[in-house]
Amino acid sequence: MSGRWSLVRRALSLVAVLVLWQALTSYDINLWLRFEQFPTVTEVARAFAGRISGDAYWQDLTDSLTRIVTGFALAAVLGVTVGTAVARSRVAADLLGPVLEVLRPVPAIALVPVAILLFPSNEQGIVFITCTAAFFPVMVSTRHAVRALTPMWEEAVLTMGGGRWRVLRSVVLPGALPGILGGLSVGIGVSWICVISAEMISGEYGVGYRTWQDYTVVDYPGVFVGMATIGLLGWLTSTAVELLGRRLTRWLPRTESRPPAPVRRRPAPAAAAVHPARTAPEQERVRS
């Protein structure tokens, strides 16, 4: 029952935002924020219906999804591998740590000129930027999760005759999996930001490229169609990562957001209520 009410509340929140949007744009409200140039919800809906009936929209959708899935998959593999190696090996930490810490503050979108010079096609450059954007959140989360593991588990496996690969497979990766999944959830969101930005700058197809083209020709309903598409794609991919994480961590205890149960207080014993505790002089008089 609580799950059904949760869905109702979420749907009502979206409806409320759409109704407010329609009201502000229909009446050209100007209260410091200017809504007279904003398209209404109905105009965006008509533009969206026109877009999905054409082939260009689905080609852009396919190109963006291909780029994000390819770049994110590479970032997941590389991030988990490098993060585990840096956390487990002193040699890897000395060789890779300084380089990673210098590159980590650089925004992935700032690598667009590097990608243009480095790769022979824009497609490979966009995948590289997407991979770089997701790599560092996954790597950092993996590194911290592996270092936070208690040494007792590893010692138990080694005591029973297990080797390094057994420790890695049975202790390190399962124990660090919740932290790794947190990095993946952050990485998929950052990947969408960078892939859309890269498509706007140097792409030929894709949702970001089409959104920027609509802006240049002053097609504001088309711009909002692109924004809505980006939001839906980001939500779907983030949900897929979360569902995969729940499936991989079925052994973890689950906590549901339920209101705390009321605390039941036991009534005081009748004897204590009727006969209060006697003081020391009274007890002496009773014994005498």
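Scoring rules and cut-offs
- Residues numbered from 1 in each chain as written.
- Predicted model: local features only at pLDDT ≥ 70, side-chain atom pairs only at ≥ 80, totals over all residues.
- Heavy atoms only, no water.
- Helix = DSSP H or I, 4+ residues; strand = E, 2+ residues; numbered from the N terminus.
- Buried < 20%, exposed > 50% of the residue type's maximum accessible area, 1.4 Å probe, protein only.
- Areas by Shrake-Rupley, 256 points an atom, 1.4 Å probe, with all protein chains shown as cover.
- Core = buried A, V, L, I, M, F, W, Y, C linked by side-chain atoms within 4.5 Å.
- Contact = heavy atoms within 4.5 Å.
- Phe/Tyr/Trp six-rings, centres within 6.5 Å; stacked < 30°, edge-to-face > 60°.
- pLDDT = per-residue confidence, 0-100.

## Focus: the overall build of the chain
- In terms of helices and strands, the chain carries twelve helices and two strands.
- The order of α-helices and β-strands along the chain, N terminus first, is α-β-β-α-α-α-α-α-α-α-α-α-α-α.
- For the chain, with 288 residues in total, the buried portion stands at 31%.
- If you sum the accessible surface of the chain, you get close to 19400 Å²; carbon and sulfur atoms cover 66% of it.

## Thoughts on the nonpolar core
- In this structure, Leu-100, Ile-129, Phe-135, Met-139, Leu-184 and Trp-192 are the most contacted members of the largest nonpolar core, which totals 48 residues.
- Per-element tally for this core: the top contributor is helix H8 (residues 164–202), with 14 residues.
- Discounting residues that sit within four places of it in the chain, Ile-129 has contacts with Ala-108, Leu-111, Val-112, Ala-115, Cys-194 and Ala-198.

## Considering unusual backbone geometry
- Its identity as a non-glycine residue notwithstanding, Val-218 has a phi of 60°, on the positive side.
- Residue class for Val-218 comes out exposed when judged on its relative accessible area of 54%.

## Thoughts on the packing of aromatic side chains
- The full count for this structure, using the stated rule, is eight aromatic pairs.
- Seen in terms of ring centroids, Trp-21 and Phe-224 are 5.4 Å apart; in terms of plane orientation they differ by 40°. Their pairing is tilted. Placement of the pair is Trp-21 in helix H1 (residues 2–26) and Phe-224 in helix H10 (residues 220–248), with a sequence separation of 203 residues.
- Look at Phe-224 and you get buried, because its relative accessible area is 16%.
- Centroid distance Tyr-57 to Trp-58: 5.3 Å. Interplanar angle 85°. Geometry classified as edge-to-face.

## Digging into the side chain of Asp-214
- Residue placement: Asp-214 occurs in helix H9 (residues 207–216).
- Beyond its immediate sequence surroundings of up to four residues, Asp-214 is in contact with Arg-51, Asp-219, Gly-222 and Val-223.

## A closer look at the confidence of the model for the chain
- Residues of the chain with pLDDT of at least 70 account for 86%, and the chain-wide mean is 83.
- Taken together, the stretch residues 271–276 has pLDDT below 50 and engages in zero contacts with residues farther than four places along the chain or on a different chain.

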